[in-house]
Amino acid sequence: MTFQIGIGPNLRKSAYFNATVRDGVSSFSVYNHMLIPGNFGDPEAEYDRLINGVAMWDVAAQRQVQLEGPDAGKLAQLLTPRNLSNVRIGQGRYVPLCDHDGWVINDPVLLKLSDDCYWLSVADSDIHLWATAIAHERDLDIQVSEPDVSPLAVQGPKAVDVAAKLFGEQVRDFKYFGFVQMDLDGIPLVLARSGWSKQGGFELYLQDSSLGEALWDKVKEAGAEYGIGPGAPNDTERLESGLLSYGADMRLQTHRANPYEMGFGGLVDLEGHDFIGKAALAQTAAVGAKRQFIGVTINGTPTPPGHQVSLMSGSETVGYISEFAFSKRVGKTIGIGLINSDHVGADVPLSIFADGKNHAAQITSVPFI
Ligand code: THG
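Residues numbered from 1 in each chain as written. Predicted model: local features only at pLDDT ≥ 70, side-chain atom pairs only at ≥ 80, totals over all residues. Heavy atoms only, no water.

## Looking at the pattern of salt bridges
Filter applied, for reference: For this document, the term salt bridge refers to a Lys or Arg side-chain nitrogen within 4 Å of an Asp or Glu carboxyl oxygen. The helix count covers DSSP runs of H or I at least four residues long, the strand count covers runs of E at least two residues long, and both are numbered beginning at the N terminus.
Counted by the stated rule, this structure contains 20 salt bridges. A salt bridge links Asp 185 to Lys 218, with the shortest nitrogen-to-oxygen separation between them at 2.9 Å. With Asp 185 in the loop between β12 (179-184) and β13 (187-192) and Lys 218 in helix α6 (residues 212-223), the pair connects residues that are 33 residues apart, well separated along the chain. As a salt-bridge pair, Arg 329 and Glu 240 come within 2.5 Å of each other at their nearest N and O atoms.

## Regarding the nonpolar core
So the rule is basically this: To form a nonpolar core, buried Ala, Val, Leu, Ile, Met, Phe, Trp, Tyr and Cys residues must be joined to one another through side-chain atoms within 4.5 Å. Each residue is placed in one exposure class: buried if its accessible area under a 1.4 Å probe, protein chains only, is under 20% of its type's maximum, exposed if it is over 50%, and partly exposed if it falls in between. Here, two residues are considered to be in contact whenever any of their heavy atoms come within 4.5 Å of each other.
Grouped together as the largest cluster of nonpolar side chains are 59 residues, with contacts concentrated most on Phe 167, Leu 189, Leu 191, Leu 204, Leu 215 and Val 219. Counting residues per element, this core draws most heavily on helix α5 (residues 159-167), at 7 residues. When near neighbours in sequence (up to four residues on either side) are disregarded, Phe 167 contacts Met 182, Leu 184, Leu 189, Leu 191 and Leu 204.

## Regarding the site of the ligand
As a reminder, the rule being used: We call a residue near a molecule or strand whenever a single non-hydrogen atom of that residue lies within 4 Å of it. Counting of polar contacts relies on pairs of N or O atoms within 3.5 Å, with two restrictions inside protein: one atom must be capable of donating a hydrogen and the other of accepting it, and residues adjacent in sequence are counted only when both atoms are side-chain atoms. Residue burial considers only the protein chains on display, and all accessible areas are found by Shrake-Rupley using a 1.4 Å probe. Residue type decides the class: Asp, Glu, Lys and Arg count as charged, Ala, Val, Leu, Ile, Met, Phe, Trp, Tyr, Cys and Pro as nonpolar, and the leftover types, Gly among them, as polar.
Neighbouring the ligand are 18 residues; Ser 121, Tyr 176, Lys 198, Glu 203 and Tyr 205 lie closest to it. Within the side chain of Tyr 176, one N or O atom sits 3.0 Å away from an oxygen atom of the ligand. Take Tyr 205: an N or O atom from its side chain is 2.7 Å from a nitrogen atom of the ligand. Here the ligand has 650 Å² of accessible area as a free molecule, and 84% of this is covered by the chains. Among the residues making up the shell around the ligand, the classes are represented as 11 nonpolar, 3 polar and 4 charged.

## Things to note about the packing of helix α3 (residues 72-79) against helix α4 (residues 127-137)
Here is the rule we go by: To get an axis, fit a line to the C-alpha atoms, keeping to the stretch in contact for a helix; angles then go from 0 to 180 degrees between the N-to-C directions. Angle categories are assigned with fixed cut-offs, so that under 35 degrees is roughly parallel, over 145 is roughly antiparallel, 65 to 115 is roughly perpendicular, and the rest are oblique. Whether a crossing is left-handed or right-handed is set by the direction in which the near helix is turned from the far one by less than a right angle, anticlockwise for left-handed and clockwise for right-handed.
For the pair α3 and α4, the least separation of the axes is 11 Å and the interaxial angle reads 115°. Looking at the two axes, α3 sits roughly perpendicular to α4. In the crossing of α3 with α4, the sense of the turn from one axis to the other is right-handed. Residues Leu 75, Leu 78 and Leu 79 of α3 form the contact with α4, whose participating residues are Trp 130, Ala 131, Ile 134 and Ala 135. Class assignment of the residues belonging to the contact of α3 with α4 gives a composition of 7 nonpolar, no polar and no charged.

## Notes on unusual backbone geometry
At the junction of Val 366 and Pro 367, the peptide bond is cis and its omega measures out at 0° in the coordinates. With respect to the element layout, Pro 367 can be found in the segment after β21 (357-364). Here the phi dihedral of Phe 177 falls at roughly 75°; this positive angle occurs in a residue that is not glycine. Along the chain, Phe 177 falls in the loop between α5 and β12. The exposure class of Phe 177 is buried, given its relative accessible area of 16%. Unusually for a residue other than glycine, Asp 355 sits at a positive phi of about 55°. Counting through the fold element by element, Asp 355 comes out in the loop between β20 (350-354) and β21.

## With respect to the sheet that holds strand β3 (residues 55-58)
Threshold: Only when DSSP finds a minimum of two bridges between them are two strands counted as paired.
Within the open sheet, the 6 strands sit side by side as β12-β13-β14-β11-β3-β15. Their pairing is mixed. Of all the strands in the sheet, the pair left with one neighbour each is β12 and β15 (229-231). Pairs of neighbouring strands in the sheet enclose a mean axial angle of 30°, with direction left out of account. With 4 bridges joining them, β13 and strand β14 (residues 201-206) adopt antiparallel strand pairing. Looking at β14, one finds that Ala 192 is bridged to Glu 203. The sheet contacts of helix α2 (residues 43-52) involve β3, β11 (150-155) and β15, and relative to β15 the element is tilted by about 110°.

Structural measurements only, silent on function.
Have a look at this one:
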């Protein structure tokens, strides 16, 4: 099977598109209606750089939904079950969002830029529309927009050295999810200690997309002595680390799940503020989650199909594995997913079907490393 996907006006190009093409990107995916690099032709080297060195990723498709105006804080709090009362300016938070029925519809990073300006750095669903609608229906005094902001991730144990070289030694003291406004030789950006890996690192939220190639090249040049190279959010590392991905692990339209099932029920505050989905989640909390988030090890090295697969107990479907990959650090194929709660303790053999045959699966805890 050989075909091409046309890049038409419905597929947005990132601020780093030209730089990634020039530097040898070999596959793209689509995220928030924007092209996002998948790999640069050498997945093993890209993984090794992330684990042992430093990698740079075009994650401009993590778009910002900006809430600006006197009611910005009110809307941010209404959108998430997580209590935001102690978030200070210059801090970020992981803030799952739910719909009125309590299903997760996104899991952004929230950045509080000022008392009346917040960014939601969103995963792959249309939160701009959602936030605009909620703001109008609740008569809030607020503007919802998508500003010209393009995150570039620098991840890996040596990311801090690259950031220190670019921005100064003070970046070593940044707290996780802390951020500051910076100017890098005339390039405006927000520098945050964050990123979708557990190897440490920073995200550079470029605020002028015309300077994408200039920023890419500055990071590449500063990172050269540390062996920096291009890459993309890494599926194997995120499975090892237990980082979730809205779209892969749950998606409202195709495999919906609530925060209790996904393992972040601890972020839901049912005692305090009003938020969308509160009544539904109170109900769910009262009866208990019907499914549970799990890790699995899988026998053999089946080919990841690029979508979730059923988790089987004999011929019965008892859950799904949203993604799996061979981890050389674990020495096994590992995956994450959801299983019906009544099967968690049951001592029955589980399996997934891939590459035309069954592969035994064993439940484990997450993270794997
Ligand atoms: N960075 C930025 N925007 C993003 C992502 C990112 N938007 C899309 C996507 N990633 C959102 N999803 C996540 C998922 C997990 C985390 C961040 C964003 C994360 N989780 C930590 C963990 O699970 O250990 C911390 C969770 C917590 O504080 O409770 O970092 O990566 N800009």
